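Descriptive analysis of the structure
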Amino acid sequence: MTVVTRFAPSPTGFLHIGGARTALFNWLYARHHKGIFHLRIEDTDRVRSTEAAIEAIIDGLKWLGLGWDGEITYQFARAPRHAEVVLQMLEAGKAYRCYCSPEELDEMRKAAQAAGKPMKYDGRWRDRDPKDAPAGVKPVIRLKAPQVGETIVVDGVQGEVRVANEQLDDMVLLRSDGTPTYMLSVVVDDHDMGITHVIRGDDHLTNTFRQRQIYDSMGWEAPHFSHIPLIHGPDGAKLSKRHGALGVEAYRDMGYLPVALRNYLLRLGWGHGDDEIISTEQAIEWFELSGIGRSPSRFDFAKLDNLNGHYMRQSDDAELAKAVADRLGKASDAGGIALLTRAMPGLKSRAKNLKELAENSAFYVQARPLPFTDKAKAILTTPETVGLMPKLIDTYARADNWQAASLEETARAFAESAGVKLGAAAQPLRAALTGSTQSPPIFEVMEILGKDEAMARLKDAPLG
RNA sequence: GUCCCCAUCGUCUAGGGGCCUAGGACAUCACCCUUUCACGGUGAAGACACGGGUUCGAAUCCCGUUGGGGACGCCA
């Protein structure tokens with residue numbers, strides 16, 4: 001049997017981090033089994049669905065590297081098919097028309113809650129004669145759900161979960177305007193698309209009982225369900241669009257790498273022994289439902305940063321240089337990109353994301369005169385520096401060999417003859433050449449900058 | 001209110017009756033490396049929510065309590 005999974009977001013906002021993880025798990029599961037991964041946009045809520053959201057979701061998935069198979073399914077386009085299924089159920093006596101007003105329903109729920117009962121529709125139109133139908137009221141169509149016994153779901157993550165049918169009411173299948181509800185649409189689409197495994201957020205677990213009833217009512221075989229625990233924010237509450245969740249594009253803008261985000265998201269709720277750094281290929285090979293944990297997890301930027309740093313250090317220098325140039329608005333500066341590429345080995349171990357990397361790289365391609373941080377200024381204006389620097393600069397002006405090792409030798413010899421530590425020479429150099437007190441090894445910086453630029457910067461230095 | 005799910009270091013987790021004086025990773029702290037900051041290396045501190053069972057033996061199984069989360073729409 002070919003495994004068929006799907007990611008089915010509703011386009012009411014960006015692709016948030018929880019959705020991204022759900023997509024990742026479905027993608028991984030399909031790839032692991034050499035199966036199919038579908039994308040279905042659940043746009044049946046015509047009021048809240050937007051084109052912009054659809055675009056954001058598609059862009060997000062592409063950026064994350066989670067490609068889907070075949071065409072995208074748009075759920076709203078399938079509404080006629082959904083309605084057709086409801087009609088079948090109606091004819092088979094498995095569904096019925098209900099003429100309750102919203103006010104009646106509201107009262108029902110309030111009364112049930114007050115009486116300590118589950119808040120559900122009481123089924124008053126279930127067996128009522130259709131002739132009683134009030135004139136001018138468009139009915140909804142409800143499922144004639146079983147009233148006794150229990151509905152059981154065997155979940156890939158949660159195990160066997162059961163609920164008494166008396167807890168569940170006759171859900172609405174078709175709204176009074178003739179459009180299908182979510183509960184019905186998902187079931188019909190999953191069935192028609194041949195979905196074999198549904199992997200989704202835990203918040204759908206209780207919905208699954210209702211969906212199960214629809215499958216049973218239609219005599220369809222239900223897919224295998226797996227409900228993954230939700231990702232919580234630092235405060236422990238569900239991470240949602242309204243509660244601190246960020247879209248994947250926000251992570252992109254913060255400078256995180258797709259590969260790092262995939263690795264991080266994979267480890268959030270899924271484990272394979274003590275493994276932490278897991279390549280995407282390795283993830284595809286290892287991913288199994290049994291590795292999914294049952295308890296919710298919290299999003300932790302510190303760990304994401306660590307992972308991102310790891311993957312940045314492994315990234316290709318030229319690619320990083322391009323990304324940095326892009327962020328610095330110098331994407332078309334070929335010379336700058338070449339210089340940044342050479343500088344990248346010293347730069348990339350000093351940043352945990354592309355944003356930082358760009359900030360730390362800026363001094364290399366910064367036009368003179370350089371801006372100086374307060375600390376850099378302070379170093380350049382100490383009496384010791386003021387006394388030392390002119391002589392050091394003069395020494396370098398006469399240097400022929402501009403290789404880092406040679407430059408360092410020169411500085412060491414200079415420091416020794418002046419009776420100071422190497423740092424006394426290196427730190428002012430750093431301040432003058434980078435405008436900062438923190439940078440890659442300063443002699444490496446000098447070499448990469450080249451003698452002309454380095455000397456010019458040294459002469460610019462605001463000594464004293 | 002009703003139902004469902006969950007519960008190991010601050011965080012992510014390993015663990016599925018004896019291998020656990022509970023392992024790893026991130027974060028934290030110390031030391032080493034060192035021209036700064038990182039990277040890297042070494043080490044430290046740090047957890048089985050609580051109470052009952054079951055068992056020769058429980059982090060692991062059962063029940064309860066507490067705590068957290070989720071669902072109860074003509075939203076998805």
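The shown structure was predicted, so the numbers you read here are calculated from the model rather than taken from an experiment. (Residues numbered from 1 in each chain as written. Chains lettered and ligands numbered in written order. Predicted model: local features only at pLDDT ≥ 70, side-chain atom pairs only at ≥ 80, totals over all residues. Heavy atoms only, no water.)

Turning to the packing of helix 3 (residues 79-91) against helix 6 (residues 205-218), a few remarks are in order. Between helix 3 and helix 6, the shortest axis-to-axis distance is 11 Å and the interhelical angle comes to 65 degrees. Relative to helix 6, the crossing made by helix 3 is left-handed. The segment helix 3 lies against helix 6, with Val85, Gln88 and Met89 engaging Ile214, Ser217 and Met218. Counted by class, the contact of helix 3 with helix 6 contains four nonpolar, two polar and no charged residues. (Axes fitted to C-alpha atoms, helices over the stretch in contact; angles between N-to-C directions. Helix = DSSP H or I, 4+ residues; strand = E, 2+ residues; numbered from the N terminus. Left-handed = near helix turned anticlockwise from the far one by under 90°. Contact = heavy atoms within 4.5 Å. Nonpolar A, V, L, I, M, F, W, Y, C, P; charged D, E, K, R; others polar.)

Following both chains from N to C, one finds helix 1 (residues 17-32) and helix 8 (residues 258-267) inclined at 85 degrees, their axes separated by 10 Å at the closest point. By the criterion of interaxial angle, the relationship of helix 1 to helix 8 is roughly perpendicular. Within the contact between the two elements, helix 1 uses Ile17, Ala20, Arg21, Leu24, Phe25 and Leu28 and helix 8 uses Leu261, Arg262, Leu265 and Leu266. The residue makeup of the contact of helix 1 with helix 8, split by class, is eight nonpolar, no polar and two charged. (Parallel < 35°, antiparallel > 145°, perpendicular 65-115°, else oblique.)

On to the state of the cysteines, then. In this structure the tally under the stated criterion is zero disulfides. With no disulfide of its own, cysteine 100 lies 3.8 Å from the sulfur of cysteine 98, the closest cysteine sulfur. Exposure remark for cysteine 100: the relative accessible area of 13% places this residue in the buried category. (Disulfide = S-S within 2.5 Å. Buried < 20%, exposed > 50% of the residue type's maximum accessible area, 1.4 Å probe, protein only.)

Now for the pairing of strand 5 (residues 140-143). The two faces of strand 5 match: Val140 and Arg142 on one face and Ile141 and Leu143 on the other face are all buried. The pairing of strand 4 (residues 95-98) with strand 5 spans four bridges and is classified as antiparallel. For arginine 97, the partnering residue across the bridge sits in strand 5 and is isoleucine 141. Here two bridges tie strand 5 to strand 8 (residues 172-174), and the two strands are oriented antiparallel to one another. Pairing of arginine 142 across the sheet is with valine 172, part of strand 8. (Pairing = 2+ DSSP bridges.)

Right, let's talk about unusual backbone geometry for a bit. Residue proline 369 is reached from arginine 368 by a cis peptide bond, and omega for that bond is 0 degrees. Along the polypeptide, proline 369 turns up in the loop between helix 13 (354-365) and helix 14 (374-380). Backbone geometry at lysine 34 places phi at a positive 55 degrees, although glycine is not the residue there. Looking at where lysine 34 falls in the secondary structure, it is placed in the loop between helix 1 and strand 2 (36-41). For lysine 34, a relative accessible area of 74% puts it in the exposed group.

For chain A, the mean per-residue pLDDT works out to 93, and 98% of the residues sit at or above 70. In the predicted complex, the global pTM is 0.94; the interface-specific ipTM is 0.94. (pLDDT = per-residue confidence, 0-100.)

This structure, assessed with the given rule, holds 30 salt bridges. Note that arginine 78 is salt-bridged to aspartate 192, the shortest N-O span being 2.7 Å. Of the two residues, arginine 78 is situated in the loop between strand 3 (73-74) and helix 3 and aspartate 192 in helix 5 (residues 182-192); the sequence distance between them amounts to 114 residues. Between aspartate 374 and lysine 377 there is a salt bridge, with the nearest N and O atoms lying 3.9 Å from each other. Placement of both aspartate 374 and lysine 377 in helix 14 is noted, with a separation of three residues, approximately one turn of the helix. (Salt bridge = Lys/Arg side-chain N within 4 Å of Asp/Glu carboxyl O.)

Moving on to the environment of methionine 1. Looking at where methionine 1 falls in the secondary structure, it is placed in the segment before strand 1 (4-7). Remark: the alpha-carbon pair of methionine 1 and arginine 142, spanning 141 residues in sequence, is separated by 34 Å. Non-local contacts of methionine 1, meaning those with residues more than four positions away in its chain, are made with Thr196 and His197.

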